[in-house]
Amino acid sequence: MNEFIEQKVQLQWHEPKANYDVVIVGGGGHGLATAYFLATRHGITNVAVLERKYIGGGNSGRNTTVIRANYGIPEAVRFYQRSVELYQTLEAETERWIMHKQKGLLWLAHNEAGIRAERARAEVNTAFGAKTEYVGPKEIQEIAPQIDMMGGGVWPVLGGSYHPEGATARHDRVNWALAEGAMRRGVHIHQRTTVIGLRKEGDRVVGVMTDKGPIGAGVVLSAVGGHVTNLANMAGVRLPIRTHPLQAFVTNHYARQFDPIVASMGLLFYASQTARGEMLIGAEIDRQPSYSYRSGHHFLQSCAFRAMTLLPFLRNLRILRQWTGVCDMSPDYSPIMGQTGVDGFYITTGWGTWGFKAIPAGGEQMAQLIATGETPALIAPFGLDRFARDRTLADRGSAGTH
Amino acid sequence: MNINIPCPHCGPRPIQEFMYGEIPSVPDEITDPDARDLDRAFMRTNPEGVQLEAWFHTYGCRRWVRIHRDTRTDEIVERG
């Protein structure tokens, strides 16, 4: 982070102590949120967050900032709805402007199978607490008049689901608001501190080795993103995680207002307008696992082509910049939260391409788990042991990136 | 970034012509048969470095190609 921002958000840096009650590895949204909720809800402030580079510089700063709860399975709808609600009150709670804006989210269907899926999504969402309704072409046209309902003659828009609570927020403001809130209450955040090993006593994790020396810990939480496998290996935990790159890009300024967030499951892209007026467009992950941050021209070409099919006005815009994040993808496209089978080592991972929207709820629930030692009911289904128990939470159709 | 995969039949071809195929590897330390099945189905080594992988040349010779790729840089280091 640059000095200007550090001054602005009044972060107070400290030298690392020898021991903390809780050490959180990974200074992204989930790590910072866990520290924030440990401090505010449970009064646990002897906490350190260790970040390899700068806070919010990984996937928390490389996403498309969509907040939604329109998932396809009950467990996920309940969890993400909690997150949507926490985001709505996060500005009042942290007293910081995170540029939260409720926009409404349209998921479009182009064939009968798609319509069935969106109808089912609306039913599941309504049953488990999220607000989603099925909408026909006429309503879609009213919500987003810029959509070409003929889909260039190939991808006609036949229907879709509308999720009015769909929102966006400014990603780094979310990170800073949480970091500042945690630091004000005594949490230490150490940037440019790389974890190079875990200290174990018998089978129990009792601290971390960093490039700045050893740090003792009552509990270690891994809130690492794409590089989570490396840390889990140090603890001796096998993870079902594959690291895939996800690319996105923004165009130059679109003068008219584009209200909703629009996604097409058939064409595999999603688009929204940033506060600056740029059109922000993302698509599916790269098929091969990789830790490379490099972007490719092939992605820009194919994604822009698909986006222009439904939103013809994009033809007149230019791509300003693109970026890549490396995502921790789980095999069932649901996150993994909770205990790992190794004492003193907790994990929150598998956030793949859907982690930003879950930052407050993920942090709140992980904080509760660490403070009480008991897994809260909301995240109990998301444990790492679900694969061995044959209770996977398959929800690929709700990831939006496949 | 564009990557070319050296296909033994077609020569170097762009990666978009290929389909990625994973080669799961279960560590030898896992001996219990059930644990090996679980590991094979779900768990992944996910190396940050060179890994052996298979690619199917969908839009070419329609045969499998094995390569070693460095997952940090996407460089293909040697022919497998």
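As the structure is a computational prediction, the values presented were derived from the model and not from experiment. Within every chain, residues take consecutive numbers counted from 1 along the sequence as written. Written order decides the labels, with chains lettered from A and ligands numbered from 1. Totals for whole chains, interfaces and linings use all residues, but because this is a predicted model, local features are given only for residues with pLDDT of at least 70 and pairs of side-chain atoms are given and counted only at 80 or more. Hydrogens and water are ignored here; the side-chain numbers use all heavy atoms of the structure.

1. Considerations on the overall build of chain A
Working definition: helices are DSSP H or I runs of at least four residues, strands are E runs of at least two. Numbering for both runs from the N terminus. Scanning chain A for helices and strands turns up nine helices and 19 strands. Radius of gyration: C-alpha atoms only; globule rule: 2.2 Å multiplied by the number of residues to the exponent 0.38. Relative to a compact globule of 402 residues, whose C-alpha radius of gyration would be 21 Å, chain A shows 21 Å and is just as compact. Along the first, second and third principal axes, the C-alpha set of chain A runs to 65 × 50 × 40 Å. Expressed as a percentage of the 402 residues in chain A, the buried residues total 61%. In what follows, residue pairs with any heavy atoms lying within 4.5 Å of each other are defined as contacts. Expressed as a percentage of contacts within chain A between residues at least 6 apart in sequence, the contacts between residues at least 24 apart total 77%. Only the protein chains shown count as cover for residues, and all accessible areas are computed by the Shrake-Rupley method using a 1.4 Å probe. Accessible surface for chain A amounts to roughly 15500 Å². Of this, 50% is attributable to carbon and sulfur atoms. The charge count includes Lys and Arg as positive and Asp and Glu as negative, but it does not include His or the ends of the chains. A charge is said to be at NZ when it belongs to Lys, at CZ for Arg, at CG for Asp and at CD for Glu. Counting 41 positive and 35 negative side-chain charges, chain A places the averaged centre of each group 5 Å from the other. For each residue, the accessible area found with a 1.4 Å probe, counting protein chains only, is set against the maximum for its type, and the residue is called buried under 20%, exposed over 50%, and partly exposed in between.

2. Topic: the packing of aromatic side chains
When two rings of Phe, Tyr or Trp (its six-membered ring) have centres within 6.5 Å they constitute a pair, described as stacked for plane angles under 30 degrees, edge-to-face for angles over 60, and tilted for the intermediate range. If you walk through the whole model with that rule in mind, you get 13 aromatic pairs over all chains. Taken together, a centroid distance of 5.0 Å and an interplanar angle of 55° make the contact between F387(A) and F42(B) tilted. A residue pair is termed interchain when its members come from two chains, as with F387(A) in the segment after α9 (359-372) and F42(B) in the loop between α1 (33-41) and β4 (50-56). An angle of 50° between the planes, with centres 5.2 Å apart, marks the rings of F56(B) and W64(B) as tilted. Take F56(B): its relative accessible area is 15%, and that puts it in the buried class. Sitting above the plane of the Y134(A) ring, R119(A) keeps its charged end 4.0 Å from the centroid. Both a distance and an angle decide whether a charge sits over a ring: NZ of Lys or CZ of Arg must be within 6 Å of the ring centre and within 35 degrees of the ring normal.

3. What about the sheet that holds strand β8 (residues 167-168) of chain A?
All names here are of chain A. DSSP-based pairing: two strands are paired if at least 2 bridges between them are found. An order of β3-β8-β4 is seen for the three strands of this open sheet, with the pairing classed as antiparallel. The sheet is open, and its two edges are formed by β3 (66-67) and β4 (101-102), each paired on a single side. Pairing of β4 with β8, which is carried by two bridges, proceeds in the antiparallel orientation. Bridged to Q102 within β8 is A167.

4. Let's talk about the pattern of salt bridges
Residue and element names in this part refer to chain A. Put simply, a salt bridge is a Lys or Arg side-chain nitrogen that is within 4 Å of an Asp or Glu carboxyl oxygen. Overall, the coordinates contain 18 salt bridges over all chains when judged by the stated rule. Between E180 and R96 there is a salt bridge; the shortest N-O distance is 2.7 Å. Pair noted here: E180 is in helix α6 (residues 171-184) and R96 is in the loop between α3 (74-94) and β4, with a separation of 84 residues, a long-range link. According to the relative accessible area criterion, E180 is buried, its value standing at 3%. Its salt-bridge partner being R306, residue E284 comes within 3.2 Å of it at the nearest N-O pair. In this pair, E284 sits in strand β16 (residues 278-285) while R306 sits in helix α8 (residues 297-310), placing the two residues 22 residues apart along the sequence. Pair check on accessibility: E284 and R306 agree, each one buried.

5. Things to note about the domain arrangement of chain A
All names here are of chain A. Note: domain ranges come from an automatic or database domain assignment. The domain architecture assigned to chain A consists of domain 1 (19-63 + 171-240 + 331-398) and domain 2 (102-165 + 242-329). One C-alpha centre belongs to domain 1, the other to domain 2; they are set 29 Å apart. At the junction of the two partners, domain 1 supplies 21 residues and domain 2 supplies 17 residues. Accessible area, probed at 1.4 Å, shrinks when two parts are joined; the buried area is that loss added up over both. Summed over both partners, the interface of domain 1 with domain 2 comes to about 1500 Å²; 48% of that surface belongs to carbon and sulfur atoms. Sorting the residues of domain 1 by area buried against domain 2 places R62, G226 and T353 first, and these three jointly supply 32% of that buried surface. Linking domain 1 to domain 2 there are zero salt bridges.

6. Overview of the interface of chain A and chain B
Counting from both sides, the interface comprises 25 residues of chain A and, opposite them, 25 residues of chain B. Of all residues in chain A, R238(A), Q288(A) and Y291(A) bury the most surface against chain B, accounting for 32% of the area lost on that side. Taken together, the links from chain A to chain B amount to two salt bridges. The partner of R242(A) in a salt bridge is E22(B), and the shortest N-O contact between them spans 2.8 Å.

7. Some thoughts on the sheet that holds strand β13 (residues 242-253) of chain A
Residue and element names in this part refer to chain A. The strand order β6-β7-β5-β14-β15-β16-β13-β17 describes an open sheet built from eight strands, whose pairing is mixed. Each edge of the sheet is formed by a strand with only one pairing partner; in this case those strands are β6 (133-135) and β17 (319-329). Ignoring strand direction, the axes of neighbouring strands in this sheet form an average angle of 20°. Pairing geometry for β6 and strand β7 (residues 159-163), over three bridges, is antiparallel. When the sheet's bridge partners are listed, Y134 is paired in β7 with S161. The strands that α8 touches are β5 (105-109), β13, β14 (261-264), β15 (269-273), β16 and β17; relative to β16, the one it contacts most, it runs at about 115°. Angular values range over 0 to 180 degrees, each being the angle between N-to-C directions of two axes fitted as lines to C-alpha atoms, with helices fitted over their stretch in contact.

8. What to know about unusual backbone geometry
Residue and element names in this part refer to chain A. The backbone phi angle of R192 is positive, close to 50°, even though this residue is not glycine. By the element assignment, R192 lies in the loop between β9 (188-190) and β10 (195-201). Although it is not a glycine, D390 sits at a positive phi angle of roughly 60°. You can see D390 is positioned in the segment after α9. Relative accessible area serves as the criterion here: at 56%, D390 is assigned to the exposed category.

9. Thoughts on the nonpolar core
All names here are of chain A. In terms of nonpolar packing, the biggest core is built from 70 residues, with I24, F79, Y80 and V174 touching the most fellow members. The element that contributes the greatest number of residues to this core is α3, accounting for eight residues. If you count residues domain by domain, this core takes at least three from each of domain 1 (19-63 + 171-240 + 331-398) and domain 2 (102-165 + 242-329). Sequence-distant contacts of V174, defined by excluding residues within four places in its chain, comprise Y87, L90, I98, A169, F356 and I359. Nonpolar cores were defined as sets of buried Ala, Val, Leu, Ile, Met, Phe, Trp, Tyr and Cys residues, with membership established by side-chain atoms within 4.5 Å.

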